[in-house]
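Spelled out, the chains give:
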Amino acid sequence: QPELTGDFGTLMEWADAVRRLKVRANAETPTDARTARSFGAEGIGLCRTEHMFFDPKRIIHVRQMILAQDEAGRRQALDKLLPYQREDFVELFTIMQGLPVTIRLLDPPLHEFLPHTEEDMREVAEAAGVDVKAVRSAAIALSESNPMLGHRGCRLGVTYPEIYEMQAIAIFEAAVQASKATGQTVVPEIMIPLVATRRELDLMKVVVDAAASKVFGATGVTLDYAVGTMIELPRAALRAGEIAESAEFFSFGTNDLTQTTLGISRDDSAHFLETYQRKGIYEKDPFASLDQEGVGELVQIAAERGRKTRAGLKLGICGEHGGDPASIHFCEQTGLDYVSCSPFRVPIARLAAAQAALGKAAEGQK
Ligand code: PEP
Ligand code: MG
């Protein structure tokens, strides 16, 4: 594991002594979680659960699940995925030793999980015990022309609640298991993605709360947990006041919030953004450094309205901007509680958070 020692380690200690913002990491693999810890991350701010399913042993069940014709077919596939998920979370909770871990429920742009080749289709058909023609037509029916604005995030949980139910059960079972094994109580933070309305969040909370009751009833262990939401759509930012009635924390997904506010695709912007920067339309790449005016104003509005409803609402950022020094300064100014970035950016985030805190203090003295 990489370690911060010598002068670098000392510099980090100085930074930690002055910074106010907590620094977490975006991590879903044990390797990333360990790297995050050794770089001083104070928790996991975003565990993207969809990344856990690309392993060949699992993707087959994920495909079977999304292509199933009915709930029974989906549940059959989900039963296969549950033990993998439980194992994933036990490992993360164990590595993080009681530090906060925010787990985001499934948010795949669906096309990433669709079978592409005939061989993939045959494999899914065999696993599900159905005709390959049924799989092919289900795959065609599910393909979308604009997947990033399509059936992803909580929309998937709203249409197929059993997916989020499986994940929530895996999280609570893992939390109970890891708490017993490590002697440190795990307080899972469950995060609902791509929420636009409070009603979506409320529907998903019912699923999560039912899963918690089921696991706590069966194990005889009751743990605290929090359910919160990502704020990554302009509507969610504007309606943050009512969303905060149901959310125990907000995490700003500024990758999607940038995409949806500027109307620029995250995946297809490189060829014109360079020209845009050269012509002074955007000073920096807005996907790398927060557009502090447009996107930033939405973040400020959401922070203000959310905290008006719920004083002390925990606020973080988990888009790429969470590791960008200029964006971290903005997060300090806006009063967020933490930034979450890729593990290798944790040291720079610690330093930037310290500089931001010093900058703010100096401003106060003027
Ligand atoms: C985001 O949208 O900023 C985010 C963190 O989620 P993802 O990048 O996984 O869409
Ligand atoms: Mg997102």
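Computed from a prediction, not measured in an experiment: that's the story for all the values here. (Residues numbered from 1 in each chain as written. Chains lettered and ligands numbered in written order. Predicted model: local features only at pLDDT ≥ 70, side-chain atom pairs only at ≥ 80, totals over all residues. Heavy atoms only, no water.)

Asks: Describe the coordination of the magnesium ion (ligand 2), with residues and values.
Replies: Those donors, Glu232 (OE) and Asp256 (OD), are the protein atoms that reach the magnesium ion (ligand 2), and they lie 2.1 to 2.2 Å from it. Placement of the pair is Glu232 in the loop between β5 (226-231) and α10 (234-238) and Asp256 in helix α12 (residues 254-262), with a sequence separation of 24 residues. Overall, the relative accessible area of 1% leaves Glu232 in the buried class. By relative accessible area, Asp256 is classed as buried at 3%. (Donors = N, O, S within 2.8 Å, 3.2 Å for Na, K, Ca; no water. Helix = DSSP H or I, 4+ residues; strand = E, 2+ residues; numbered from the N terminus. Buried < 20%, exposed > 50% of the residue type's maximum accessible area, 1.4 Å probe, protein only.)

Asks: Please provide a residue-by-residue account of the site of ligand 1, values included.
Replies: Contacts to ligand 1 come from 13 residues, most closely from Arg48, Arg104, Gly253, Asn255 and Arg266. Note that an oxygen atom of ligand 1 is positioned 3.0 Å from one of the side-chain N or O atoms of Glu232. Gly253 places a polar main-chain atom, nitrogen or oxygen, 3.3 Å from an oxygen atom of ligand 1. Taking 290 Å² as the accessible area of ligand 1 by itself, protein coverage stands at 95%. The site holding ligand 1 turns out to be the second largest pocket. For the shell around ligand 1, the secondary structure elements donating two or more residues are β2 (44-48) and α12. Element by element, the count of residues in the shell around ligand 1 is highest for α12, at three residues. Grouping the amino acids of the shell around ligand 1 by side-chain chemistry returns three nonpolar, four polar and six charged. (Near = heavy atom within 4 Å. Polar contact = N/O pair within 3.5 Å; in protein donor to acceptor, adjacent residues only side chain to side chain. Areas by Shrake-Rupley, 256 points an atom, 1.4 Å probe, with all protein chains shown as cover. 1 Å grid on protein atoms, 1.4 Å probe; cavity = no way out; pocket = protein on both sides within 12 Å on 5 of 7 lines; lining within 4 Å. Sits in = over half its atoms within 2 Å of the grid points. Nonpolar A, V, L, I, M, F, W, Y, C, P; charged D, E, K, R; others polar.)

Asks: Can you lay out the environment of His111 for me, pointing to particular residues and giving the numbers?
Replies: Inspection of the secondary structure puts His111 in the loop between β3 (101-104) and α5 (118-128). Judged by relative accessible area, His111 falls into the partly exposed class, the value being 33%. For the pair His111 and Glu50, spaced 61 residues apart in the sequence, the C-alpha separation amounts to 12 Å. Setting aside residues no more than four positions away along its own chain, His111 makes contact with His116 and Pro147. (Contact = heavy atoms within 4.5 Å.)

Asks: Tell me about the UniProt feature "binding site: substrate" (unreviewed entry) in the chain, and name the residues and values.
Replies: Within this numbering scheme, the UniProt entry marks Arg48, Arg104, Glu232, Gly253, Thr254, Asn255 and Asp256 as carrying the feature "binding site: substrate" (unreviewed entry). Residues from the annotated list that form part of the lining of the second largest pocket: Arg48, Arg104, Glu232, Gly253, Asn255 and Asp256. Tracing the backbone through its elements, the reader meets Thr254 in helix α12. Discounting chain neighbours no more than four positions away, the residues touching Thr254 are Leu290, Val299, Ile317, Gly319, Glu320 and His321. Structurally, Asn255 is set in helix α12. What makes Asn255 buried here is its relative accessible area of 8%. With sequence-adjacent residues up to four places away left out, Asn255 is seen in contact with Arg48, Arg266, Phe287, Gly319, Glu320 and His321. (UniProt positions renumbered as here; feature names shortened; annotations may be inferred.)

Asks: Describe the state of the cysteines, with residues and values.
Replies: Summed over all chains, the structure comprises zero disulfides. With no disulfide of its own, Cys318 lies 11 Å from the sulfur of Cys331, the closest cysteine sulfur. Residue class for Cys318 comes out buried when judged on its relative accessible area of 1%. Here Cys341 stays unpaired: no disulfide links it, and the sulfur of Cys331, its closest cysteine neighbor, is 11 Å away. (Disulfide = S-S within 2.5 Å.)

Asks: Tell me about the pairing of strand β4 (residues 189-192), and name the residues and values.
Replies: Across the two faces of β4 the burial is the same, with Glu189 and Met191 and Ile190 and Ile192 all buried. Across three bridges, the pairing between β3 and β4 is parallel. Its bridge partner lying in β4, Ile103 is registered against Ile190. Relative to β5, β4 runs parallel, the two being bridged by four bridges. In the strand pairing of β5, Ile192 is matched with Thr229. Of the crossover connections in this fold, the one passing from β4 over helix α9 (residues 198-219) to the parallel β5 is right-handed. (Pairing = 2+ DSSP bridges. Right-handed = clockwise from strand over helix to strand, strands pointing away.)

Asks: Kindly report on the UniProt feature "binding site: Mg(2+)" (unreviewed entry) in the chain, identifying the contributing residues and their values.
Replies: On the UniProt side, "binding site: Mg(2+)" (unreviewed entry) is annotated at positions that read Glu232 and Asp256 here. Across 25 residues in sequence, these annotated residues keep their C-alpha atoms within 5.3 Å of one another, forming a single compact spot. Lining the second largest pocket, from the residues named above, are Glu232 and Asp256. If we ignore the near neighbours within four places in the chain, the residues touching Glu232 are Asp107, Pro193, Leu194, Gly253, Asp256, Leu257 and Thr260.

Asks: Describe the packing of aromatic side chains, listing the residues and the values that go with them.
Replies: A full pass over the atoms with the stated rule returns seven aromatic pairs. Over the face of the ring belonging to Tyr338 we find Arg24, whose NZ or CZ atom lies 4.1 Å from the ring centre. (Phe/Tyr/Trp six-rings, centres within 6.5 Å; stacked < 30°, edge-to-face > 60°. Lys NZ or Arg CZ within 6 Å of the ring centre and 35° of its normal.)

Asks: Explain the sheet that holds strand β6 (residues 249-252) to me, and be specific about the residues and the numbers.
Replies: Strand pairs in the sheet, formed through backbone hydrogen bonds, run parallel or antiparallel to each other. One closed barrel holds the eight strands; their spatial order is β1-β2-β3-β4-β5-β6-β7-β8, and the pairing between them is parallel. In this sheet, adjacent strand axes meet at a mean angle of 25° when their direction is disregarded. Of the pairings in the sheet, the one linking strand β1 (residues 22-26) to strand β8 (residues 338-341) comprises four bridges and is parallel in character. By the bridge assignment for β8, Val23 is matched with Val339. (Axes fitted to C-alpha atoms, helices over the stretch in contact; angles between N-to-C directions.)

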